[in-house]
Amino acid sequence: MGDMVDKGSYLVRIRCNQCGERYILKGRMKKGKVETGFKQCVCDNTMDFDISSEKLP
């Protein structure tokens, strides 16, 4: 257990460029990327997003 490193949580903001829907999610760093589990927008868009993230204290 002492070898585990807490990478911390991130606040992730996602905005769909097709319909304008916005999502605010909490994510964790995995393999150099912030992972939230987000797959697609309610409009079925899976590729065209503005995504920003910031480390939570």
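Residues numbered from 1 in each chain as written. Predicted model: local features only at pLDDT ≥ 70, side-chain atom pairs only at ≥ 80, totals over all residues. Heavy atoms only, no water.

Enquirer: Sorry, what's going on with the sheet that holds strand E1 (residues 9-16) here?
Expert: Adjacent strands of a sheet form backbone hydrogen bonds with each other and so pair up, either parallel or antiparallel. Judged by pairing direction, the sheet is antiparallel, and its four strands sit side by side in the order E3-E2-E1-E4 without closing on themselves. Every other strand in the sheet has two partners, leaving strand E3 (33-35) and strand E4 (49-55) as the edge strands with one partner each. Going from strand to strand, the sheet's axes swing by 40° on average, the running direction of each strand aside. As judged from the seven bridges shared by E1 and E4, these two strands associate in the antiparallel manner. Within E4, the position partnered with Arg13 by the bridge is Ser52. (Pairing = 2+ DSSP bridges. Helix = DSSP H or I, 4+ residues; strand = E, 2+ residues; numbered from the N terminus. Axes fitted to C-alpha atoms, helices over the stretch in contact; angles between N-to-C directions.)

Enquirer: Sorry if this is basic, but what is going on with the nonpolar core here?
Expert: Core analysis: the largest hydrophobic core is formed by seven residues, namely Tyr10, Val12, Ile14, Cys16, Tyr23, Cys41 and Phe49. In terms of residue count, E1 provides more of this core than any other element does, four residues in total. Setting aside residues no more than four positions away along its own chain, Tyr23 makes contact with Val12, Arg13, Ile14, Phe38, Cys41 and Val42. (Core = buried A, V, L, I, M, F, W, Y, C linked by side-chain atoms within 4.5 Å. Buried < 20%, exposed > 50% of the residue type's maximum accessible area, 1.4 Å probe, protein only. Contact = heavy atoms within 4.5 Å.)

Enquirer: Which parts of the structure should I look at to understand the pairing of E1?
Expert: Two faces make up the sheet, and in a regular strand the side chains alternate between them. Of all the eight residues making up E1, six are buried; the element is thus mostly covered by neighbouring parts of the structure. Where E1 meets strand E2 (residues 22-30), seven bridges bridge the pair, whose relative direction is antiparallel. Among the inter-strand pairings, Tyr10 is bridged to a residue of E2, identified as Gly27. The turn linking E1 back onto E2 is made up of five residues, and Gly20 within it adopts a positive phi angle of 90°.

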